[in-house]
Amino acid sequence: MKGKSLLDTLSEDRERRIDKAESNGWEYCLCCGRQIKDTSEAVEIEMIDGGDTWTFQEENDLNDPGYMGAWWLGKTCFKKWVKSLEQ
Ligand SMILES: [Zn+2]
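Given the structure is predicted, the values throughout are model-derived calculations rather than measurements.

How each quantity is defined
- Residues numbered from 1 in each chain as written.
- Predicted model: local features only at pLDDT ≥ 70, side-chain atom pairs only at ≥ 80, totals over all residues.
- Helix = DSSP H or I, 4+ residues; strand = E, 2+ residues; numbered from the N terminus.
- Buried ≥ 20, exposed ≤ 12 C-beta atoms within 10 Å, placed from the backbone.
- Contact = placed C-beta atoms within 7 Å.
- Expected span 1.5 Å × (residues − 1).
- Pairing = 2+ DSSP bridges.
- Core = buried A, V, L, I, M, F, W, Y, C linked by C-beta atoms within 7 Å.
- pLDDT = per-residue confidence, 0-100.

Caption draft 1: Main features of the overall build of the protein. Across its full length, the protein holds two helices and four strands. Reading the secondary structure of the protein in the N-to-C direction produces β-α-β-β-β-α. For the protein, with 87 residues in total, the buried portion stands at 16%. Looking at the protein alone, contacts between residues at least 24 apart form 54% of all its contacts between residues at least 6 apart.

Structure below.
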């Protein structure tokens with residue numbers, strides 16, 4: 001599963017939540033900025049192709065020169081993301 005569509009929920013709330021999470025050292029959902037208390041309930045996604053594409057898990061290639069890092073998505077946002085890719 002790969003796709004570009006993800007950050008369509010940019011908002012002031014998201015920015016505010018991320019600022020708070022970062023200042024507290026919390027894991028947070030990249031999409032909505034909400035704190036992720038239990039990462040077993042979240043999905044780790046990776047930015048690849050030099051930042052052009054998002055992917056997750058099975059397709060990881062951390063040695064790929066285009067690999068840019070990994071972030072968390074909460075379950076709900078992950079489902080939304082997958083759905084947006086299917087459209
Ligand atoms: Zn989220």
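Now that the structure has been shown, we can carry on.
Caption draft 2: Molecular detail of unusual backbone geometry. Phi is positive for D49, close to 55°, though the residue is something other than glycine. Residue classification places D49 among the partly exposed positions, given that 15 C-beta atoms sit within 10 Å.

Caption draft 3: Highlighting the environment of G51. Along the polypeptide, G51 turns up in the loop between β2 (42-48) and β3 (53-56). G51 gets classed as exposed once you count the C-beta atoms within 10 Å, which come to 11. In sequence terms G51 and G66 are 15 residues apart; their C-alpha atoms lie 7.2 Å from each other.

Caption draft 4: Helix α1 (residues 12-24), seen in detail. An ideal rise of 1.5 Å per residue puts 18 Å on 13 residues; α1 measures up with 18 Å between its terminal C-alpha atoms. Counting buried positions along α1 yields zero of 13 residues, so the element is predominantly exposed. Of the residues trailing α1, G25 is marked for its positive phi of about 70°.

Caption draft 5: Representation of the pairing of β3. Where β2 lies against β3, four bridges are found, and the strand directions are antiparallel. Bridge assignment links I48 to a residue of β3, and that residue is T53. The hairpin turn running from β2 into β3, its antiparallel successor, is four residues long, and D49 in that turn takes a positive phi close to 55°.

Caption draft 6: Local environment of the nonpolar core. Core analysis: the largest hydrophobic core is formed by ten residues, namely Y28, C29, L30, C31, A42, I45, W54, L73, C77 and W81. For this core, the secondary-structure elements that each account for two or more residues are β2 and α2 (75-86). Among residues more than four places away in sequence, those in contact with C29 are R34, I36, W72, L73, G74 and C77.

Caption draft 7: The arrangement of the confidence of the model for the protein in detail. The share of residues in the protein with pLDDT of 70 or more is 80%, and the mean pLDDT across the chain is 83. The lowest-confidence element of the protein is strand β1 (residues 2-3), averaging 57 in pLDDT; the highest-confidence one is α1, averaging 93.

Caption draft 8: Quick look at the pairing of β2. Relative to strand β4 (residues 69-74), β2 runs antiparallel, the two being bridged by six bridges. Looking at β4, one finds that V43 is bridged to L73.

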